[in-house]
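Residue strings, one per chain:
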Amino acid sequence: MANVYLHAYPAGATGDVELRAQHPPGTLWVDISDEGDWQPPRADCGPWRGRGLVLINQLAGQTAIASTASGTTVSLT
């Protein structure tokens, strides 16, 4: 959700973010969606940034990023 705040919408613009989560026995599904533009990870993020997707990929069993003209959804299980 922090990435939506920082990257999905142009500076000064407002936009929606949607969080959906389910907890069936033994797992957790989370989808975070916005209506903004996908920003590919930068090569040089500095010492304190750029680790979100790396951490998600390491900690979640499955991850997916779906980006279209109408927004982006990051899913993790």
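Look up a bit, the structure's there.
Residues numbered from 1 in each chain as written. Predicted model: local features only at pLDDT ≥ 70, side-chain atom pairs only at ≥ 80, totals over all residues. Heavy atoms only, no water.

Colleague: Outline a nonpolar patch on the surface, supporting the account with residue identities and numerical values.
Modeller: Residues Met1, Val17 and Leu19 make up a contiguous nonpolar surface patch of roughly 270 Å² in combined accessible area. Along the chain, the position of valine 17 falls in strand E1 (residues 17-22). (Patch = residues over 30% accessible without salt bridge, like charges linked within 9 Å, V, L, I, M, F, W, Y side chains within 5 Å. Areas by Shrake-Rupley, 256 points an atom, 1.4 Å probe, with all protein chains shown as cover. Salt bridge = Lys/Arg side-chain N within 4 Å of Asp/Glu carboxyl O. Helix = DSSP H or I, 4+ residues; strand = E, 2+ residues; numbered from the N terminus.)

Colleague: Which residues make up the pattern of salt bridges, and what are the values?
Modeller: Scanning the model with the defined rule gives two salt bridges in all. Of the charged contacts, one joins glutamate 18 and arginine 20 as a salt bridge, the two residues approaching to 3.2 Å between their closest N and O atoms. Of the residues examined, glutamate 18 reaches a relative accessible area of 42% and is grouped as partly exposed. Residue arginine 20 is classed as partly exposed on the basis of its relative accessible area of 32%. The partner of aspartate 31 in a salt bridge is arginine 20, with the nearest N and O atoms 3.7 Å apart. (Buried < 20%, exposed > 50% of the residue type's maximum accessible area, 1.4 Å probe, protein only.)

Colleague: Give me the nonpolar core: which residues, what numbers.
Modeller: In this structure, Val4, Ala8, Tyr9, Val30 and Ile32 together form the largest nonpolar core, which totals five residues. Elements that contribute at least two residues to this core include exactly helix H1 (2-8) and strand E2 (29-34). Those residues in contact with tyrosine 9 that sit more than four places away from it in its chain are Val4, Thr14, Gly15, Asp16, Asp34, Glu35 and Gly36. (Core = buried A, V, L, I, M, F, W, Y, C linked by side-chain atoms within 4.5 Å. Contact = heavy atoms within 4.5 Å.)

Colleague: Go over the pairing of E2, please, and point to the residues and values.
Modeller: As judged from the six bridges shared by E1 and E2, these two strands associate in the antiparallel manner. Pairing of alanine 21 across the sheet is with valine 30, part of E2. Between E1 and the antiparallel strand that follows it, E2, lie six residues; glycine 26 among them carries a positive phi value of about 85 degrees. Where E2 lies against strand E4 (residues 71-76), five bridges are found, and the strand directions are antiparallel. Looking across to E4, one finds that serine 33 is bridged to threonine 73. (Pairing = 2+ DSSP bridges.)

Colleague: Mind laying out the sheet that holds E1, listing which residues take part and the relevant values?
Modeller: Taken in spatial order, the four strands line up as E1-E2-E4-E3 in an open sheet, and their pairing is antiparallel. The open sheet terminates on both sides in strands that have one partner only, identified here as E1 and strand E3 (63-68). Each strand of the sheet is rotated relative to its neighbour by a mean of 10 degrees, with strand direction disregarded. With six bridges joining them, E3 and E4 adopt antiparallel strand pairing. Across the sheet, residue alanine 64 finds its bridge partner in E4, namely serine 75. (Axes fitted to C-alpha atoms, helices over the stretch in contact; angles between N-to-C directions.)

Fair warning: the whole summary comes from geometry, so function is off the table for now.
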